[in-house]
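Summary of the model geometry
Residues per chain are reported as follows:
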Amino acid sequence: MVLAGRLMTGFGSARTINRRYVADYYNLEERTAGMADFVSASALGMAVGPGLAAFLSYVAPEGGSHAGRWWTVETAPGYVMFAFWCVYLVANIIFFEEPDRVQQTSVKEEKAATSDERAPLKSHDGVNTEEQPCAKTAKRSFSFGGVPVLVCLLLLVLLKAVLEGLTSSTPTVSRFYFDWDVNLCGIYLAILASLMIPANYVVATVSRRFDDREIILAMLVMMATGIAGFMTYAGSDAEASFICFSLVIFISCNALEGPTMGLLSKVIPKSLRAGILNAGWLATEAGTIGRVVGDFWLSGAAHKGIDNLVDALFGPLILLVAVSITVTLWNYSQLQPRYDDEEDDD
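These figures come from a predicted structure and were not determined experimentally.

Looking only at helices and strands, the chain has 15 helices and 0 strands in total. Classification of the 346 residues of the chain by burial places 37% in the buried group. Summed over all atoms, the accessible surface of the chain reaches about 19,800 Å², with 65% contributed by carbon and sulfur.

Next up on the list: a nonpolar patch on the surface. Residues Leu-89, Val-90, Ile-93, Ile-94 and Phe-95 make up a contiguous nonpolar surface patch of roughly 570 Å² in combined accessible area. Looking at the element boundaries, Ile-93 is found in helix 4 (residues 76–95). Owing to a relative accessible area of 63%, Ile-93 belongs among the exposed residues under this scheme.

Counting residues in each nonpolar core, the largest one holds 65 residues, and the members touching the most others are Val-162, Leu-220, Met-223, Leu-264 and Phe-314. Elements with a contribution of two residues or more to this core: helix 3 (28–59), helix 7 (146–178), helix 8 (182–194), helix 9 (196–206), helix 10 (212–231), helix 11 (238–267), helix 13 (279–302) and helix 14 (309–330). Per-element tally for this core: the top contributor is helix 7, with 13 residues. Every residue in contact with Leu-220, bar those within four places of it in the chain, is listed here: Leu-155, Leu-158, Leu-256, Val-321, Ser-324, Ile-325 and Thr-328.

Attention now moves to the side chain of Thr-260. Position of Thr-260 relative to the elements: it lies in helix 11. Of the residues examined, Thr-260 reaches a relative accessible area of 0% and is grouped as buried. Among residues more than four places away in sequence, those in contact with Thr-260 are Cys-152, Leu-155, Leu-156 and Ile-216.

All right, on to helix 7 then. Across its 33 residues, helix 7 extends 47 Å between first and last C-alpha, which sits within 8% of the 48 Å expected from 1.5 Å per residue. Most pronounced at Thr-170, the bend in helix 7 amounts to some 45°, and the proline Pro-171 follows within four residues.

Calculation rules
The written sequence of each chain sets the order in which its residues are numbered from 1. Since the coordinates come from a predicted model, pLDDT governs what is reported: local features require at least 70, and pairs of side-chain atoms require 80 or more to be given and counted, while whole-chain, interface and lining totals use all residues. To get the side-chain values, take all heavy atoms of the structure and skip hydrogens and water. Runs of H or I in DSSP of at least four residues are treated as helices and runs of E of at least two as strands, each being numbered from the N terminus. Think of it in three bands: with a 1.4 Å probe and only protein chains considered, a residue is buried below 20% of the maximum accessible area for its type, exposed above 50%, and partly exposed in between. Values of accessible area rely on a 1.4 Å probe in the Shrake-Rupley scheme; residue burial ignores everything except the protein chains shown. Patches draw on residues past 30% relative accessible area with no salt bridge. Two like charges within 9 Å are joined, as are two nonpolar side chains (Val, Leu, Ile, Met, Phe, Trp, Tyr) within 5 Å. Salt bridge criterion: a side-chain nitrogen from Lys or Arg within 4 Å of a carboxyl oxygen from Asp or Glu. Here, nonpolar core means buried Ala, Val, Leu, Ile, Met, Phe, Trp, Tyr and Cys residues that are tied together by side-chain atoms lying within 4.5 Å of each other. Between two residues, a contact is recorded if the distance between any of their heavy atoms is within 4.5 Å. Given a helix with a known number of residues, its expected span is that number minus one, times 1.5 Å. The angle between axes fitted to the seven residues ending at a residue and the seven residues starting there is what we call the bend at that residue.

In structure tokens, the structure reads:
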């Protein structure tokens, strides 16, 4: 039942649609800020979830196979989330307004027809330009976006793998080294996630003055610094170091997601924006792959023992972050928006 419920929760996710909506209805200047706001909303849910679970562990009675009560520690989160989803469904039906895509399509077709009527049949050099638009369209249709799209997808996989490894290992590591119980760990994760709201607000503000690639590079360096410090904490201040450096890793991973998704929506070819392989779907699938990689990596590291878990988990990850920084610097000049596609949309 637990696996079936988790499967149904995944089917009910609208992350792809939400990201596609932001990519379609935000201009280039505001798109990264919109993606950062989306990540902030996700972080708010991550903050409320562990805190709510800790609260329910106090108010809900202990259950078991012999208990006939329907309201227990195990079942209370399901009932609460069912109520939340019902409220959201009603609010979505009442307040959400679907954009008029038919009218937008008609306007674009009218502009395209006007442009074709005004276009000369021959250029000044006497070359026939009648076939050039078709060739340009065909070229875009078979283009996957090249290096910038692949770099963005790899960054999304990396940040989700690091984030999944951190959040999934925190209960085990904190209990083994610092004797934290489940409630204390839940409160810590709730506080950790709540800090993402001001962090992404800063990202949204900074994105209006700096390029996405500059923010991405800064967050990668911050992530590498956090992982290095997380692996070397020891001594009497080990618990404080654990809290501080895990905070750095968590904030850098989540702050990296907004500009990376924003850049992905700006560099993806126009031919893919309207199809299945749009920016929202690609970002969601890359994040899913990253979580799977992080979970498998954590499972493999756990086989080496709890005392070696941190080094076995984050040692290879910091190498991947270093490789990502190198790849970003190597392709730095290509990590910029496709202004030609944006002009065609206008």
